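# Inside the fold
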Amino acid sequence: MAEGRMAGRRIIVTGTASGIGLATAKLLAREGAVLALIDRDAGALARIAEELGAHHAQVDLPDEAAIDRAVQAASAAMGGIDGLVNVAGIGGMGRLADLSLADWNRTIGVNLTAPMLLMRAVLPHMLAAGQGAIVNVASGQGLTPSAPGMASYCASKGGLVTLSKALALELAPAIRVNCVCPGVVDTPLLPDSMRAAAREAGSPYALKRVGEAEEVAAAILFLTSAESAFITGIAMAVDGGRTYH
């Protein structure tokens, strides 16, 4: 039998093809969780699911019908659902004067509507289990915007923070809902200029570096595990002490 802080816990994780989602899936698996993985990248998803021995479903968020089917299949494969980690997200750049409705809707759809649909879909399964833990990955930009040209992204992530707090109240005491709000995280797509800027003397990052995906995953693990059993409705900034928080 698997041992660890998540032994036997049945968790859905989205956005697992790379970055924070991949790091989270690997950490939860090491801690004994039974996993169902969701991503739109079918090839990468299949490889990761095979590596971790996890159920998986390819979904192009925020497809409502596909989400409902994926959650039903995950519950059947795992024998129920105890947790949900919404990591999948996209960026959204463009100043208001140039922002198209299509781009706005796409950002809001993936970053805010999809987590709502996933939370709604897992709700009956968690209630049947008598408990559940949901962690939504928002962003420091959802707490306080720091640059122009990010209105749609900031709105989507700020909306996710507030939605999480509202549902923490609505779904208590059986289900806990929390947010993790990362700062800049080191991924292959991160420009070298941003890595360098984080180390500068005037950087708002008190720790003078960007974060690692595994460090965000550790916060997600804590909020998903029984160690945080008395915590709900928080937005945890995992951002190296970025001063505007």
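As a reminder, the structure under discussion sits directly above these lines.
My aim in this report is to walk through the structure given alongside it, one point at a time. (Residues numbered from 1 in each chain as written. Predicted model: local features only at pLDDT ≥ 70, side-chain atom pairs only at ≥ 80, totals over all residues. Heavy atoms only, no water.)

## A look at helix 5 (residues 151–171)
Defined as follows: Strands are runs of DSSP state E lasting at least 2 residues, helices are runs of H or I lasting at least 4, and numbering of each runs from the N terminus. To estimate the expected span of a helix, count its residues, drop one, and scale the result by 1.5 Å. The buried label goes to any residue with under 20% of its type's maximum accessible area, the exposed label to any with over 50%, and the partly exposed label to all in between, with areas taken from a 1.4 Å probe on protein chains only. Every residue pair with non-hydrogen atoms within 4.5 Å of one another is taken to be in contact.
For helix 5, which comprises 21 residues, the first-to-last C-alpha distance of 29 Å matches the rise-based estimate of 30 Å (1.5 Å per residue) to within 8%. Turning to helix 5, its buried residues are Ser152, Tyr153, Cys154, Ser156, Lys157, Gly158, Leu160, Val161, Ser164, Leu167, Ala168 and Leu171. Here the buried face of helix 5 lies against helix 4 (101–129), strand 5 (132–137), strand 6 (175–182) and strand 7 (235–238).

## Remarks on the nonpolar core
What counts, and what does not: Among buried residues, the Ala, Val, Leu, Ile, Met, Phe, Trp, Tyr and Cys ones that are joined through side-chain atoms within 4.5 Å form a nonpolar core.
Residues Ile11, Val13, Leu28, Leu35, Leu37 and Ile220 are the most contacted members of the largest nonpolar core, which totals 29 residues. Mapped onto this core, the elements with two or more residues apiece are strand 1 (10–14), helix 1 (19–30), strand 2 (34–39), helix 2 (42–52), strand 5 and helix 7 (213–224). The next biggest cluster of nonpolar side chains, apart from the first, holds 28 residues, and it includes Ala74, Leu84, Leu118 and Leu171.

## A short note on the pattern of salt bridges
This is how the line gets drawn: Whenever a carboxyl oxygen of Asp or Glu lies within 4 Å of a side-chain nitrogen of Lys or Arg, that contact is scored as a salt bridge.
According to the stated counting rule, one finds eight salt bridges in the structure shown. Measuring nitrogen to oxygen at the nearest pair gives 2.8 Å for the salt bridge that ties Asp82 to Arg10. With Asp82 in the loop between helix 3 (64–78) and strand 4 (83–86) and Arg10 in strand 1, the pair connects residues that are 72 residues apart, well separated along the chain. The exposure classification of Asp82 matches that of Arg10, with both residues buried. Residues Arg209 and Glu215 are paired through a salt bridge, measuring 2.7 Å at the closest nitrogen-oxygen approach. Connected through salt bridges with shared partners, the residues Arg5, Glu31 and Glu227 form a single ionic network.

## Description of helix 3
Stated formally: Throughout, the arc means the angular range of directions from the helix axis out to the C-beta atoms.
An ideal rise of 1.5 Å per residue puts 21 Å on 15 residues; helix 3 measures up with 21 Å between its terminal C-alpha atoms. Buried within helix 3 are the following residues: Ala66, Ile67, Ala70, Val71, Ala74, Ser75 and Met78. Down the axis of helix 3, the buried set is contained in an arc of 165°. They therefore lie on one face. In helix 3, the exposed positions that point more than 90 degrees away from the buried face belong to Arg69 and Ala76.

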